[in-house]
Each structure stands twice: as structure tokens, then as C-alpha cells.
Amino acid sequence: PLVHFNSTYPSSVGTTPDVGTAVTTWADTSGNNNDASQSSALYQGIYFKDSANRGFVSFTNDSYDLNSTITIGGDFTQIFVGQRWSQVSGDLTSAGGSGYYIIHARGSASPGAVYKPLLASWAHESASGDAPYLTNEMWTAQRGTVGGTANTITLAIGGNNVSSAHTHVSSVSKSMTWLGKSGSFGHDGQYYEMLHWDSALGVDDLNRVRLYLANKYGLTTVAW
């Protein structure tokens with residue numbers, strides 16, 4: 001991946017912080033040095049472990065700045081594992097920039113509504129409009145050629161469950177500058193892992209990542 005934020009080792013590979021410790025810099029474990037940092041203690045996530053002893057970073061409207069702007073101008077794949085605290089007001093956000101998001105579920109307007117990636121109108125899909133997403137889920141956003149149509153953006157939850165409500169076509173180019181934030185909407189919940197590629201992964205690779213995350217976090221997923 002171009003970036004890989006893994007809450008097992010937020011500080012560096014092989015290093016696990018003490019529970020309750022603020023995460024000032026979240027190391028990119030891809031080897032590309034795209035670390036994320038937050039200098040203000042007010043907006044730093046806190047490292048915890050869940051009941052299965054899996055590490056996560058707790059966000060309460062916290063966010064991190066990427067040290068390198070990542071331009072999303074063509075095909076991409078982003079896979080994220082997390083959950084939100086509240087069905088009514090909590091936001092689930094993987095990453096984004098000013099005025100846009102990649103993966104975003106917002107609770108205040110329509111509980112559990114999932115918003116389409118890179119869509120200027122901020123339109124949300126209705127297929128899962130009442131789902132709370134209060135447990136861990138794997139989210140996959142991808143842009144590529146689908147059925148002969150280039151720049152098709154799909155959003156899936158838990159693997160290969162893409163519906164027409166999740167799919168749209170957009171060739172917009174955006175700069176990803178934040179982790180756990182999109183515009184004014186910050187992630188509010190548990191943030192486990194995010195991987196981002198500057199290509200549309202094929203079926204074999206999607207399933208490799210899906211199985212890695214499903215086994216690691218005890219997720220129920222559907223094969224691509």
C-alpha cells in the first residue's frame with residue numbers, strides 16, 4: 001500500500017504504547033514514510049485495547065495531519081476497519097481533505113447513513129440508512145473501470161456487497177491530507193486500521209487483504 005496505518009503498532013513497527021497513552025505520531029508502516037501527526041494534545045487519539053486484546057486508537061473528534069499530501073487523481077483503493085461510538089451523532093471517517101471524504105458514515109442527519117466517496121453533493125445512499133455501525137466493520141472504497149466504465153467508485157461494507165446505491169462515477173481529483181477527518185467531520189469512535197493504494201486492487205488482492213483483516217479483527221466478510 002501507499003500508506004498503512006496499523007493500530008497494533010501506532011508508534012512504530014514492533015512498538016506498542018501503554019494503554020491510555022496519547023498517540024502524537026501515527027507511523028506509516030508501508031515503508032513510504034507517510035506518517036500522520038498531531039501536535040495539539042486536544043486532538044490526539046488515545047491508545048486502548050478492546051476485549052479481545054486488539055489495539056485501537058480512540059478518537060473523539062480527533063484527527064491527524066499526513067506529512068505528505070496524497071493526491072487521489074485516478075484509480076485507488078482504500079480499506080478501513082473501525083466503528084463509531086454513537087448512532088445518533090457519531091461520525092465514522094477514514095481519511096479526507098478539505099470538503100470531501102473517502103469513507104464516511106454520519107449519524108446526525110440520518111442515523112447510519114453512508115456517504116458516497118468523492119461526490120460533491122454529499123449525497124448519502126439509502127440502502128443502509130438505519131445501520132448504526134457500532135461494531136467493527138471493514139469498509140472498502142475503490143475507483144477503477146467497472147463493466148467498461150472508467151472512474152467508477154464503489155463502496156462496500158464487509159467485502160463484496162456493493163449495491164447500486166453505493167456506486168457512482170466521478171473523475172474528480174482530490175488531495176488527502178488528514179487521517180480520521182474529512183472537512184469539518186472528525187472520526188468519533190475506534191480506529192483500527194487503514195490501507196490505501198494508488199490503484200484498483202484486483203479480486204485476488206482484495207481477498208488477501210479481506211482475509212488478513214477478517215482474521216485479525218474477527219470480522220464477518222463476504223468474498224470478492
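The preceding data block contains the structure.
Before going into details, it helps to say that this report is about the structure given with it. (Residues numbered from 1 in each chain as written. Predicted model: local features only at pLDDT ≥ 70, side-chain atom pairs only at ≥ 80, totals over all residues. Heavy atoms only, no water.)

Another point: the sheet that holds strand β3 (residues 36-37). In space, the six strands of this open sheet follow the order β2-β3-β6-β17-β9-β10, with antiparallel pairing throughout. This sheet does not close on itself; its edge strands, each paired only once, are β2 (25-26) and β10 (100-101). Of the strand pairs in this sheet, strand β9 (residues 95-97) and strand β17 (residues 174-179) are connected by two bridges, and their pairing is antiparallel. If you follow Ala95 over to β17, its bridge partner there is Leu179. (Pairing = 2+ DSSP bridges. Helix = DSSP H or I, 4+ residues; strand = E, 2+ residues; numbered from the N terminus.)

Turning our attention to the sheet that holds strand β11 (residues 104-106). On the basis of which strands lie adjacent, the open sheet formed by four strands has the order β8-β11-β12-β13 and antiparallel pairing. Where the open sheet ends on each side, the last strands, each with one partner, are β8 (91-93) and β13 (124-125). Judged from the three bridges that link them, β11 and strand β12 (residues 113-115) form a sheet pairing that is antiparallel. When the sheet's bridge partners are listed, Arg106 is paired in β12 with Ala113.

Before going further, it helps to spend a moment on the side chain of Glu193. As for its placement among the helices and strands, Glu193 is situated in strand β19 (residues 185-197). Reaching out from Glu193, the side chain makes a polar contact with the side chain of Tyr212 at a distance of 2.4 Å. Here Tyr217 takes part through its side chain, which lies 2.4 Å from a polar atom of the side chain of Glu193. Not counting residues up to four positions away in its chain, the partners in contact with Glu193 are His4, Phe5, Asn6, Ile79, Phe80, Val81, Tyr212, Leu213, Lys216 and Tyr217. (Polar contact = N/O pair within 3.5 Å; in protein donor to acceptor, adjacent residues only side chain to side chain. Contact = heavy atoms within 4.5 Å.)

Let us look at the pairing of strand β1 (residues 3-6). Judged by which residues are buried, β1 turns out to be covered on both faces: Val3 and Phe5 on one side and His4 and Asn6 on the other are all buried. Bridge analysis of β1 against β19 gives four bridges, and the strand direction is antiparallel. Bridge assignment links Asn6 to a residue of β19, and that residue is Glu193. (Buried < 20%, exposed > 50% of the residue type's maximum accessible area, 1.4 Å probe, protein only.)

The next point concerns unusual backbone geometry. The general pattern is negative phi for most residues beyond glycine and trans for most peptide bonds. The backbone phi angle of Asn33 is positive, close to 60 degrees, even though this residue is not glycine. Within the fold, Asn33 resides in the loop between β2 and β3. Residue Asn151 is not a glycine yet carries a positive backbone phi of 60 degrees. Within the fold, Asn151 resides in strand β15 (residues 149-157). Of the residues examined, Asn151 reaches a relative accessible area of 25% and is grouped as partly exposed.

On to the pattern of salt bridges, then. Counted according to the given criterion, the structure contains three salt bridges. Of the charged contacts, one joins Asp50 and Arg54 as a salt bridge, the two residues approaching to 3.2 Å between their closest N and O atoms. Residue classification places Arg54 among the partly exposed residues on the basis of a relative accessible area of 22%. For Arg208, the salt bridge is made with Asp205, and the minimal N-O distance between the two is 2.8 Å. Of the two residues, Arg208 and Asp205 are both situated in helix α1 (residues 203-217); the distance of three residues between them amounts to about one turn of the helix. The exposure class assigned to Arg208 is exposed, which follows from its relative accessible area of 54%. On the basis of relative accessibility, which here comes to 36%, the residue Asp205 falls in the partly exposed class. (Salt bridge = Lys/Arg side-chain N within 4 Å of Asp/Glu carboxyl O.)

Attention now goes to the nonpolar core. Of all hydrophobic cores here, the largest spans 32 residues; its most connected members are Trp26, Ile102, Trp139 and Leu179. Only β1, β5 (55-62), β6 (64-72), β7 (76-84), β14 (137-146), β15, β17 and β19 provide two or more residues apiece to this core. If you tally residues by element for this core, the top one is β6, at four residues. Residues within four places of Trp139 in sequence aside, it is in contact with Gln78, Ile79, Phe80, Gly82, Leu92, Ile103, Ala105, Val114, Tyr133, Ala156 and Ile157. (Core = buried A, V, L, I, M, F, W, Y, C linked by side-chain atoms within 4.5 Å.)

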